[in-house]
Every structure is written in structure tokens, then in C-alpha cells.
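Summary of structural features
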Amino acid sequence: MLTAAGILTGGWAAAGPASAVEGTAPPHERVLWGSVTIPPGRDGIVEASGPSGSALGFGSSLTLSAPAGAKVTAVPLTAAGYRGEVAADGRSAVYTATSAESPWRTGTFPFVLAVPADAVPGTRLGGCVLRLADAGGTERASGGCQVTVGLPSPVQSRPESGVPLGHRPAASGTAYPGAQVTVSDQDGNEACVDTAGADGVWSCAPGRDLPAGANRLQATATMNGVSASGEQIQITVGSPAPEQAPAAPAVPAR
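Small disclaimer: the values here were computed from a predicted structure and weren't measured. Here, residues in each chain are numbered from 1, in the same order as that chain's written sequence. Only residues with pLDDT of at least 70 get local features here, since the model is predicted, and only at 80 or more are side-chain atom pairs given and counted; chain-wide, interface and lining totals rely on the full set of residues. For the side-chain quantities, the full set of heavy atoms in the structure was used; hydrogens and water were omitted.

The next point concerns the overall build of the protein chain. Secondary structure is summarised from DSSP: a helix means a run of H or I of at least four residues, a strand means a run of E of at least two, and numbering begins at the N terminus for each. Tallying secondary structure elements over the protein chain gives zero helices and 23 strands in all. Here the term buried applies to any residue with accessible area under 20% of the maximum for its type, exposed to any over 50%, and partly exposed to those in between, with areas from a 1.4 Å probe on protein chains only. Sorting the 254 residues of the protein chain into buried and exposed places 39% on the buried side. Residues count as neighbours in contact if any of their non-hydrogen atoms are within 4.5 Å of one another. Taking as baseline every contact in the protein chain between residues at least 6 positions apart, the subset at least 24 positions apart corresponds to 65%.

Have a look at this one:
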């Protein structure tokens with residue numbers, strides 16, 4: 001199943017003035033890229049947008065070389081006029097213009113990247129390269145992208161939705177080992193904090209009473225400058241039990 005963990009978009013900057021010398025290759029156009037974050041063991045989509053420089057025609061191609069440790073797994077473009085192909089080793093993929101009248105001018109061109117399961121959250125994978133070439137193979141534009149290893153979303157298994165709770169309900173679940181997990185209420189107030197152990201398990205309980213009534217709890221994991229939030233849990237916090245007067249002493253029967 002394809003998981004779009006992040007989208008990277010870029011624009012192709014216009015070329016400089018053409019050379020006045022006949023027969024010389026046109027100047028390269030630059031490609032500007034943003035960034036994409038993909039959790040370990042997941043896939044993410046890198047999308048390249050069309051150029052604004054000189055037009056390229058039939059047979060021109062857009063190639064992505066995968067960053068270190070990652071692989072290209074798919075080229076899911078469905079628009080007519082382009083053919084996508086992934087190298088057998090996953091180190092690169094290419095789109096080739098087959099019939100488009102003005103290729104690369106409209107739409108975006110997605111490449112699916114897979115980040116290895118042992119990648120460390122917060123690190124950046126270098127070596128992601130984009131190259132646009134004409135039908136003769138001459139490079140007309142080039143650039144790169146920044147791929148950051150993200151965090152998987154934490155899972156909160158307690159408390160359960162729809163179950164009446166006390167004013168300090170315990171929360172627990174799983175997250176990436178070593179990640180700090182913060183549980184917040186519907187107003188964004190911190191309820192409790194814990195660090196996921198080597199087995200990924202975390203648990204905590206609020207140090208103050210939560211207000212009575214309907215509320216929501218959400219766990220957010222943070223590690224090495226990257227973060228991810230889990231699903232919100234709908235809860236209902238009960239009202240404090242009313243104080244009861246001490247029972248009257250029993251009257252002996254006559």
C-alpha cells in the first residue's frame with residue numbers, strides 16, 4: 001500500500017540569455033527544490049513540477065537518482081504523453097516524453113521513494129538528484145531534493161473512547177523507541193509526557209485533573225527535531241463524586 005508520507009514540490013527557474021555563438025549548447029536551467037519527510041520503512045512521494053525555461057520536445061526525459069539508502073519504487077504518473085520506468089536496482093527512475101505537445105510544462109511528475117526501516121529519524125539522506133535532458137541526452141536542467149527521515153505516528157491504545165473516566169486517566173501506547181511522547185487535551189494543553197522504551201511502549205498519567213465532560217487526547221512523538229501525531233481519542237471525564245455525610249449510628253431494636 002502506498003503511503004504518501006510527504007510531498008516535495010519544486011519549480012524550474014527560467015534560463016539565462018541564450019548564447020550568441022551558433023552551435024553552442026544552451027545554458028543549464030536551475031531546478032529549485034523543497035523538502036520531503038518520510039518515516040523509516042515507509043514510502044513517500046516526491047513531485048517535480050514543470051520547467052519555465054526553454055521548451056523541450058519528444059524524447060526528452062526527467063530522471064531522479066535516489067538519495068543514499070533509499071530506493072525509487074514507482075513512477076505513478078497517469079497523464080498521457082509520458083512513459084515512466086524504474087531501474088531494476090531502484091537507484092533511479094525516469095519519465096520520458098512520448099507524445100506530449102509541450103512536455104514538462106503542465107502538471108507534476110511523481111516519484112515514489114522508499115526509506116529503509118533502519119534509517120534514524122531526524123537524519124537527512126543526501127544524494128537526491130534531478131536531471132532534465134533533451135532527446136539527444138544533453139542536460140538542460142538539474143537540481144536536487146532534501147529527504148529527511150521522519151517519525152512513524154505514535155499509537156495511543158489507552159484510554160478507550162466512550163468509557164467514563166476519572167479525572168486523571170492513564171494513557172499508554174507505542175511509539176518509535178526513544179521518542180518523547182506528549183499527550184495533549186483538546187485545547188492543546190499538555191496532559192502528560194513519557195519516553196518510549198526500547199520496546200516502543202510508553203505510558204503516563206496527568207499530574208492535574210482534567211475538566212469534567214467531553215474531551216480529546218492526542219499523542220505526539222518527537223525525536224531529533226522531527227515529530228508526528230497520532231489519532232485523537234474522544235473521551236468523557238466524569239464529575240467528582242459528591243461528598244457523602246457519615247452514616248448515622250444504628251439504633252438498637254427494642
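Right, let's talk about the pairing of strand S9 (residues 92-97) for a bit. In this analysis, strands are considered paired if DSSP registers two or more bridges between them. Pairing of strand S6 (residues 61-65) with S9 involves five bridges; the strand directions are antiparallel. In the sheet register, Thr63 faces S9, and the bridge partner there is Val94. Across five bridges, strand S8 (residues 82-86) lies against S9 in antiparallel orientation. Counterpart to Val86 in the pairing with S9 is Ala93. Linking S8 back to S9 in an antiparallel pair, the connection comprises five residues, with Gly90 at a positive phi of about 75°.

One open sheet accounts for three strands, arranged S15-S17-S20; its pairing is antiparallel. In this open sheet, the two strands that pair with only one neighbour each are strand S15 (155-158) and strand S20 (201-204). The average angle at which neighbouring strand axes cross in this sheet is 30°, direction not considered. Pairing geometry for strand S17 (residues 171-174) and S20, over four bridges, is antiparallel. The residue bridging Gly173 from the neighbouring strand is Trp202, located in S20. Throughout, an axis means a line fitted to C-alpha atoms (over the contacting stretch in the case of helices), and angles, computed between N-to-C directions, take values from 0 to 180 degrees.

What follows covers the environment of Gly230. Structurally, the position occupied by Gly230 is in the loop between strand S22 (226-229) and strand S23 (233-237). Residue Gly230 is classed as buried on the basis of its relative accessible area of 12%. Along the sequence, Gly230 and Leu217 sit 13 residues apart, while their C-alpha atoms lie 9.7 Å from each other. Residues contacting Gly230, with those up to four places away along its chain left out, are Ser153, Pro154, Gln218 and Ala219.

Our next topic: the confidence of the model for the protein chain. Values of pLDDT, the confidence the predictor places in each residue, fall between 0 and 100. Scored by pLDDT, the protein chain has a mean of 82; 78% of the residues are at 70 or more. Per-residue pLDDT, averaged within each element of the protein chain, yields its smallest value for strand S2 (residues 10-12) (38) and its largest for S20 (98). Across residues 1-28 the pLDDT falls below 50, and counting only partners more than four positions away or on other chains, this stretch makes 67 contacts in the model. pLDDT under 50 marks residues 240-245. Its contacts with residues more than four places away, or in other chains, come to one contact.

Between Arg158 and Pro159 the backbone carries a cis peptide bond, its omega angle lying at -5°. Summarising the element assignment, Pro159 is placed in the loop between S15 and strand S16 (164-165). If you check the backbone angles, Trp104 has positive phi at about 75° while not being a glycine. One can find Trp104 in the loop between S9 and strand S10 (108-114). In the Ramachandran plot, Asn224 falls in the positive-phi region, its phi being about 50° despite a non-glycine side chain. Relative to the elements of secondary structure, Asn224 occurs in the loop between strand S21 (213-223) and S22.

What follows is about the packing of aromatic side chains. Each Phe, Tyr or Trp ring (for Trp, its six-membered ring) is paired with any other whose centre lies within 6.5 Å, and the angle between the two planes then decides the class: stacked below 30 degrees, edge-to-face above 60, tilted in between. Within this structure, the stated rule accounts for five aromatic pairs. Taken together, Tyr82, Tyr95, Trp104, Phe109 and Phe111 form an aromatic cluster joined through their ring pairs.

Another aspect to go through is the nonpolar core. In this structure, Leu62, Leu64, Trp104, Phe111, Leu113, Leu130 and Val147 are the most contacted members of the largest nonpolar core, which totals 29 residues. For this core, the secondary-structure elements that each account for two or more residues are strand S4 (35-38), strand S5 (43-49), S6, S9, S10, strand S12 (129-133) and strand S14 (146-149). For Leu64, the residues in contact, after removing those within four places along its chain, are Val46, Val72, Arg91, Ser92, Ala93, Phe111, Leu113, Cys128, Val129 and Leu130. Take the buried residues of types Ala, Val, Leu, Ile, Met, Phe, Trp, Tyr and Cys, join any two whose side-chain atoms come within 4.5 Å, and each joined set is a nonpolar core. Ala175, Val183, Cys204 and Ile235 belong to the second largest nonpolar core, which has 16 residues in total.

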